[in-house]
Structure formats: structure tokens, C-alpha cells
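Chain by chain, the residues:
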Amino acid sequence: MATGRTHRPATRSRGIPEATVARLPLYLRALTALSERSVPTVSSEELAAAAGVNSAKLRKDFSYLGSYGTRGVGYDVEYLVYQISRELGLTQDWPVVIVGIGNLGAALANYGGFASRGFRVAALIDADPAMAGKPVAGIPVQHADELEKIISDNGVSIGVIATPAGAAQQVCDRLVAAGVTSILNFAPTVLSVPDGVDVRKVDLSIELQILAFHEQRKAGEETEGEAAVPPVAPAGTPATADGRKGPDGDVPAVMPA
């Protein structure tokens, strides 16, 4: 089985835009669901709806893969699953280390979707000596002192950082120095890495703040909509010069001096 250290995806050399690369996992997830239901073919409109994009963008993305589908038939589901998996590098084994086995790190270790998507959790690493040897998701936690040896022994090129913010950069530096070239960062901090190292940041608090912004804006639009509706005066109330009505008759538009 090939490992991540010796085989790398060809997306950059083939000139596939980063935006397209970011959408490929969405297509793969939708296609995998179709495959599990034994659906043989899918139209661009159906697949785009399932992936949450528009069909024109999907067809453009697939053109970079050299796949245009068959007019009147659509896309072959199994073929696209293989093709996108190959483009993403998921037809090989990618050993991954998770550093920081607190609540989040333990949850990641217990996530069952890694193995089915081409990733193998090779090691769990933590700086707390009390954690050493304790099994999490059936994998014994190893001490951070062993980080470099673990990466070398397992041919790891992908590291996951789930440490507190204060420790993240030091962990990142050690991962990079040991040969890790791709990092998934869950720590609430921005990491500094040299050229040639890719970092993807996952910050749940930022995502929640973005949702809060949209909720606040929706609430503001509802308030503005209510304010835009003029109050309705009781029937028979006389109107003022500017269209307003008072309880005791007309209210002058301009009061006399």
C-alpha cells in the first residue's frame, strides 16, 4: 500500500483551481451517497443540487478532470467516484497523526469517516505524561517526545493539530521539521509555515460568529420590514395634512406661531 510520503496528488501540476479542489470533496460525498443507493447515473443538475452548487459551476469543475458526462445520460456515478478519489489522492493510504488528545482530539480520533476516505490514524500524540499509553479509539496515546520518530517510522505527511493555541506553533514547527507537509489546524491561532507546507484551518468559533452575523442581519431585516408598514388608524379618524390622524381630529402639519 502506498503511503502519503511517496505519492502526492497531481492537482497543482494539472492547473486545477483551488476553488475547484475545495468543491471536489462535496461532489465526492454526494456521489458516494448515490453509489450506496446503487444509482448508476446522475445528471449535472441533480448532482449539483446534492452538492449545494449550481450546475454550470459543476460542469466547469468537471471539465478540469476531463469528464464531461454523456448528453442525455449524465455522469456515471462509479466512474466519477473513482476519478475524483484519484484526483484527491484518496486511492492510496494517507497516514495521519493527531497531536493534542483533549476532548477535541479524542473526538477526532473516534471519527469513523477517516478510514473509509483514505486516511489512517497512525498515531495519537499528547504532551501530558499521564496520557501516555492510554487507549483512545483503540490507539494508545504516545508522548510528544516521540513525535519525530513516530512521523519517520510511519511515513506521515499529514498532521492534525488539536492543541491549545499557546502550544500550536511549537507543535507545527516540530511537525514541519520532521517532514510533515500538510497540516489541519484546529487550534484557535494562525500558524506560520514555510513555503511548500499547506495549512487548512478549522475554527468552530469563527463559523459560529459568521452564523451569528447572518442571524442578526435576518433579524434586522424583519424589524425594518415591520417598521416600513404604516400604522392603521381607526375607521372614521380624520386625516392630517401629511396623512396622519389624531384622536381629536386633524393635527395641523405646521403649528401656528
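Rules and cut-offs
Residues numbered from 1 in each chain as written. Predicted model: local features only at pLDDT ≥ 70, side-chain atom pairs only at ≥ 80, totals over all residues. Heavy atoms only, no water. Salt bridge = Lys/Arg side-chain N within 4 Å of Asp/Glu carboxyl O. Helix = DSSP H or I, 4+ residues; strand = E, 2+ residues; numbered from the N terminus. Buried < 20%, exposed > 50% of the residue type's maximum accessible area, 1.4 Å probe, protein only. Pairing = 2+ DSSP bridges. Right-handed = clockwise from strand over helix to strand, strands pointing away. Expected span 1.5 Å × (residues − 1). Arc of directions from axis to C-beta. Contact = heavy atoms within 4.5 Å. Core = buried A, V, L, I, M, F, W, Y, C linked by side-chain atoms within 4.5 Å. Axes fitted to C-alpha atoms, helices over the stretch in contact; angles between N-to-C directions. Parallel < 35°, antiparallel > 145°, perpendicular 65-115°, else oblique. Nonpolar A, V, L, I, M, F, W, Y, C, P; charged D, E, K, R; others polar.

Visitor: Can you help me understand the pattern of salt bridges in this one?
Guide: In a structure, side chains of opposite charge can pair up when their charged atoms sit close to one another. Inspection of the entire model under this criterion finds seven salt bridges. For the salt bridge of Asp 93 with Arg 120, the shortest nitrogen-to-oxygen distance reads 3.1 Å. Residue Asp 93 is found in the loop between helix H4 (77-87) and strand S3 (94-99), and its partner Arg 120 is found in strand S4 (residues 119-126); the two are separated by 27 residues along the sequence. The buried category is assigned to Asp 93, whose relative accessible area is 13%. Judged by relative accessible area, Arg 120 falls into the partly exposed class, the value being 34%. A salt bridge links Lys 218 to Glu 215; the shortest N-O distance between them is 2.7 Å. Taken together, the residues span about one helical turn, with Lys 218 and Glu 215 both in helix H9 (residues 204-227) at a distance of three residues. For Glu 215, a relative accessible area of 48% gives the class partly exposed.

Visitor: For this particular structure, what's the right way to read the pairing of strand S7 (residues 158-161)?
Guide: For a regular strand, side chains alternate in direction, first toward one face of the sheet and then toward the other. Of the two faces of S7, the one holding Ile 158 and Val 160 and the one holding Gly 159 and Ile 161 are both buried throughout. With four bridges joining them, S3 and S7 adopt parallel strand pairing. Counted as the bridge partner of Val 97 is Gly 159 from S7. In this sheet, strand S8 (residues 182-185) lies alongside S7 in parallel orientation, the contact comprising four bridges. Across the sheet, residue Ile 158 finds its bridge partner in S8, namely Ser 182. After leaving S7, the chain enters helix H8 (residues 165-177) and then returns to the sheet as S8, a path that is right-handed.

Visitor: I'm lost on H8 in this one. Help?
Guide: At 3.6 residues per turn, the α-helix brings residues three or four places apart onto the same side. The end-to-end C-alpha distance of H8, which contains 13 residues, comes to 19 Å, matching closely the 18 Å that a straight helix rising 1.5 Å per residue would cover. Within the sequence span of H8, burial applies to Ala 168, Val 171, Cys 172 and Leu 175. Considered in projection along H8, the buried side chains sweep an arc of 110 degrees and stay on one side of the axis. What points out from H8, more than 90 degrees from its buried face, is the exposed set Gly 166, Gln 170 and Ala 177. In the stretch just after H8, Gly 179 is the one whose phi turns positive, near 115 degrees.

Visitor: Looking at this structure, how should I read the pairing of S4?
Guide: Within S4, six of the eight residues are buried, leaving the element largely enclosed by the surrounding structure. Relative to S4, S3 runs parallel, the two being bridged by six bridges. Paired with Val 99 across the bridge in S4 is Ile 125. With three bridges joining them, S4 and strand S6 (residues 139-143) adopt parallel strand pairing. Counterpart to Ile 125 in the pairing with S6 is Gln 142.

Visitor: In this structure, what is going on with helix H7 (residues 147-154)? I would like to understand it.
Guide: Turning to H7, its buried residues number three or more, namely Leu 147, Ile 150 and Ile 151. Looking straight down H7, one finds its buried side chains confined to an arc of 95 degrees; they lie on one side. In H7, the exposed positions that point more than 90 degrees away from the buried face belong to Lys 149, Ser 152 and Asp 153. Residues of H7 that are buried in the fold lie against S3, S4, S6 and H8.

Visitor: Looking at this structure, how should I read the nonpolar core?
Guide: Soluble globular proteins tend to bury their nonpolar side chains together. Counting residues in hydrophobic clusters, the biggest one holds 22 residues, and the most contacted among them are Tyr 27, Leu 31, Val 42, Leu 47, Leu 58, Phe 62 and Ile 84. Counting only elements with at least two residues in this core, the list comes to helix H1 (18-36), helix H2 (44-51), helix H3 (55-63) and H4. In terms of residue count, H1 provides more of this core than any other element does, seven residues in total. Non-local contacts of Val 42, meaning those with residues more than four positions away in its chain, are made with Leu 31, Leu 34, Leu 47, Gly 74, Tyr 75 and Val 77. The next biggest cluster of nonpolar side chains, apart from the first, holds 20 residues, and it includes Ala 122, Ala 123, Ile 151 and Leu 191.

Visitor: What exactly am I supposed to notice about the packing of H1 against H3 here?
Guide: The packing of two helices is summarised by the inter-axis angle and the distance between the axes. Where H1 contacts H3, the axes come no closer than 10 Å and their chain directions differ by 105 degrees. Our classification of the angle between H1 and H3 gives roughly perpendicular. Of H3, the residues touching H1 (which contributes Thr 20, Arg 23 and Tyr 27) are Lys 57, Leu 58, Asp 61 and Phe 62. Within the contact of H1 with H3, the residues separate by chemical class into three nonpolar, one polar and three charged.

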